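What follows is each chain in one-letter form.
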Amino acid sequence: MDKFEGFHYTIEKAGTRVLLDNAVVYLEVGVDKEVDVNSHTLFIGKVVESEMINDGEPMTYAFYHEVRRGTTPRSAPTYSKLEEVRKIVKYRCKVCGYIYDSEKGDPDSGVKPSTSFEDIPDSWVCPICGVSKDQFERIE
């Protein structure tokens, strides 16, 4: 089975396949040392080849979490209780007092459970009094 079938890629000097779609740069690294750090293996190496593929903006870890609202799975070693805190933030309608709970969402309006308030479409309105999102305040 060819896992690269259907993808746009190139093959570099050392035989490494480099995916070109949605990539900004690539680094080819030669492994010098492997270090066992209990739950993972840390590879130490030297860059042997690199190239800027296009002028796009790379998706950083911060962008993934802050803009795309990406979350870390509970099973991941980098999981933090902060992920849980972020999920249970609630917002209150300043007009009628309705509380939007991200864990419950608003299924009647098409907002699935676990949808953060920031990810609700701007066209969404309070299911009780009909005011827009900008009439909600974050509550702790």
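Further up the page is the structure itself.
Each value, and the rule that gives it
- Residues numbered from 1 in each chain as written.
- Predicted model: local features only at pLDDT ≥ 70, side-chain atom pairs only at ≥ 80, totals over all residues.
- Heavy atoms only, no water.
- Helix = DSSP H or I, 4+ residues; strand = E, 2+ residues; numbered from the N terminus.
- Contact = heavy atoms within 4.5 Å.
- Salt bridge = Lys/Arg side-chain N within 4 Å of Asp/Glu carboxyl O.
- Buried < 20%, exposed > 50% of the residue type's maximum accessible area, 1.4 Å probe, protein only.

Caption draft 1: Layout of the side chain of E12. Examined against the element boundaries, E12 turns out to sit in the loop between β1 (9-11) and β2 (17-19). Non-local contacts of E12, meaning those with residues more than four positions away in its chain, are made with V18, Y26, E28 and E49.

Caption draft 2: A look at the pattern of salt bridges. Enumeration over the complete set of coordinates arrives at 4 salt bridges. For D101, the salt bridge goes to K90, with nearest N and O atoms at 3.8 Å. A residue pair is termed long-range when its members are at least 10 positions apart, and D101 in strand β6 (residues 99-101) and K90 in strand β5 (residues 90-93) qualify at 11 residues. Its relative accessible area of 10% is what places D101 among the buried residues. With its nearest N and O atoms 3.7 Å apart, the salt bridge here joins K133 to D122. Linking K133 in the loop between β6 and β7 (136-139) with D122 in the loop between β6 and β7, this pair joins segments that are 11 residues apart in sequence. With relative accessibility at 12%, the residue K133 sits in the buried group. The class for D122 is exposed, based on a relative accessible area of 69%.

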